[in-house]
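Secondary and tertiary structure notes
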Amino acid sequence: MTFGEEPVDETWQTAQERKNLVVGFLSNELSESSIKRHQTKVDLLHKRAFYIEIFPYLLPVGDQNHLLMPISVLQHIDPLRFRRVKELGNSQAKILLILLTEYLEQLQKGRSFLLEVMKSYDVNSYLSKWEEVTEKLTELTSLLDSFLSLQTPCRLHVKHLLVPHYGPTKIPSVQVILKSKAPVVFDRFESVAYENWAFLKWHALTKQSTAEKYELRFKLLEKRTQQERAHTALISVTTNFFEIHQLLPDRFYEFSVHWAKTPTLVYEAWHDSITLRTSVSHKTTRRE
């Protein structure tokens, strides 16, 4: 220390360093904006459709440049074992969503705890209760790592071979991976109802690389007669728009859309829906 300098209060300096550590963690790993992004991702995952995909065994999980195994491979898979794998995929998808929701809640509570530390702890508290704070920081760091890792494609651990090694066709060893597909949502501006027909348009929340198939359902709400009870239908569509005719005027209809079901679909709990009212005249009506 040179002449004229005041001695540094080591207690205050230690407390300040610890405070800066908490501030840094809150600013980087658990900022308000990052929590909102995590919440958005979890909300979106609850709306995604989950599938099992079959790949060559040596292909790394998460490889986006892979060549999909041909659909003919399904013809060589033992049906009973394949059904069990689908049940496993269904259970794993549900557990995944439960864990992500639980982890996010714990991260939010941990952030609230650290914010209270910032507001209420004085210098002495940063010293006397620092062990509790460091334990929370370690816990939240591990929790955040687990939370992020759950958002990547994961392999299903199948106890038995899906494809037998015998037979005239030689099929390579395969692995089963649980993956998800972004939900399909209606275009609320383009979807309109007229007097006796409706135009529906929709899109996936992420761009799809190949042509897709959808299932569009509609039903009349508040059915007034026995004949109107049959005024519903499920339509297979290969485009992202469709016209439905022969609707009743001045009535409410509910429309829903989702990916067409495939043999590898294991879990889908959410479909987007829209309610439109047909008009009495030729004027169009928008979403209710």
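As the structure is a computational prediction, the values presented were derived from the model and not from experiment. (Residues numbered from 1 in each chain as written. Predicted model: local features only at pLDDT ≥ 70, side-chain atom pairs only at ≥ 80, totals over all residues. Heavy atoms only, no water.)

Moving on: unusual backbone geometry. A positive phi angle, near 55°, is found at glutamate 222, a position not held by glycine. Structurally, glutamate 222 is set in the loop between strand 7 (214–220) and strand 8 (232–237). The exposure class assigned to glutamate 222 is exposed, which follows from its relative accessible area of 63%. A positive phi is found at aspartate 250, a non-glycine position, where the angle reads about 55°. Mapped onto the secondary structure, aspartate 250 falls in the loop between strand 9 (241–244) and strand 10 (252–259). (Helix = DSSP H or I, 4+ residues; strand = E, 2+ residues; numbered from the N terminus. Buried < 20%, exposed > 50% of the residue type's maximum accessible area, 1.4 Å probe, protein only.)

Moving on to the sheet that holds strand 10. Taken together, the 4 strands give an open sheet; going across it, the order is 8-7-10-12, and neighbouring strands pair in antiparallel fashion. Whereas interior strands pair on both sides, the edge strands pair on one side only; in this sheet they are strand 8 and strand 12 (272–277). Along the sheet, successive strands turn relative to each other by an average axial angle of 20°, direction set aside. One ladder, built from 6 bridges, connects strand 10 with strand 12; its direction is antiparallel. Residue pairing for strand 12: tyrosine 253 is matched across the bridge by leucine 276. (Pairing = 2+ DSSP bridges. Axes fitted to C-alpha atoms, helices over the stretch in contact; angles between N-to-C directions.)

Our next topic: the environment of tryptophan 130. If you trace the backbone, tryptophan 130 turns up in helix 5 (residues 130–149). Separated by 115 residues in sequence, tryptophan 130 and alanine 15 have C-alpha atoms that sit 9.2 Å apart. Excluding its chain neighbours within four sequence positions, the residues that come into contact with tryptophan 130 are Arg18, Leu21, Val22 and Ser125. (Contact = heavy atoms within 4.5 Å.)

Moving on, we get to the confidence of the model for the protein chain. Detailed reading of the predicted coordinates is not advisable wherever pLDDT is low. For the protein chain, mean pLDDT is 83; residues scoring 70 or higher make up 80% of the total. Below pLDDT 50 for its whole length, residues 1–7 participates in 2 contacts with residues either more than four positions away or in separate chains. This model gives residues 63–71 a pLDDT under 50, and the stretch forms 12 contacts once residues within four places in sequence are excluded. (pLDDT = per-residue confidence, 0-100.)

Among the nonpolar cores identified, the biggest contains 38 residues, and Phe50, Ile52, Leu107, Leu114 and Val133 are the most heavily contacted of them. Secondary-structure elements contributing two or more residues to this core are helix 1 (10–28), helix 2 (32–45), strand 1 (49–56), helix 3 (79–120), helix 5, strand 3 (174–181) and strand 11 (265–267). If one sorts the elements of this core by residue count, helix 3 sits on top with 11 residues. Excluding its chain neighbours within four sequence positions, the residues that come into contact with phenylalanine 50 are Leu45, Ala93, Leu96, Leu97, Leu178, Lys179, Ser180, Thr264, Leu265, Val266 and Tyr267. Counting 24 residues, the second largest nonpolar core, distinct from the first, contains Ala49, Val184, Leu247 and Tyr253. (Core = buried A, V, L, I, M, F, W, Y, C linked by side-chain atoms within 4.5 Å.)

What follows concerns the packing of helix 3 against helix 5. Taken N-terminus to C-terminus, the directions of helix 3 and helix 5 make an angle of 150°; their axes are 10 Å apart at the nearest point. The angle between helix 3 and helix 5 falls in the class roughly antiparallel. Crossing hand, helix 3 versus helix 5: left-handed. Where helix 3 approaches helix 5, its residues Leu100, Tyr103, Leu104, Gln106, Leu107, Gly110, Phe113, Leu114 and Val117 are matched on the opposing element by Glu132, Val133, Lys136, Leu137, Leu140, Leu143, Leu144, Ser146 and Phe147. Of the residues assigned to the contact of helix 3 with helix 5, the class counts are 13 nonpolar, 3 polar and 2 charged. (Parallel < 35°, antiparallel > 145°, perpendicular 65-115°, else oblique. Left-handed = near helix turned anticlockwise from the far one by under 90°. Nonpolar A, V, L, I, M, F, W, Y, C, P; charged D, E, K, R; others polar.)

This paragraph deals with the packing of aromatic side chains. The full count for this structure, using the stated rule, is 9 aromatic pairs. The interplanar angle of 50° and the centroid separation of 6.3 Å between the aromatic rings of phenylalanine 50 and tyrosine 267 together place this pair among those described as tilted. Of this pair, phenylalanine 50 sits in strand 1 while tyrosine 267 is found in strand 11, placing the two residues 217 residues apart along the sequence. Each member of the pair phenylalanine 50 and tyrosine 267 is classed as buried. Taken together, a centroid distance of 6.3 Å and an interplanar angle of 90° make the contact between phenylalanine 186 and tryptophan 202 edge-to-face. In this pair, phenylalanine 186 is assigned in strand 4 (residues 184–186) and tryptophan 202 in strand 6 (residues 198–204), connecting sequence segments 16 residues apart. When sorted by exposure, phenylalanine 186 lands in the same class as tryptophan 202, which is buried. Linked through ring pairs, Phe186, Trp202, Tyr214 and Trp259 together constitute an aromatic cluster. (Phe/Tyr/Trp six-rings, centres within 6.5 Å; stacked < 30°, edge-to-face > 60°.)

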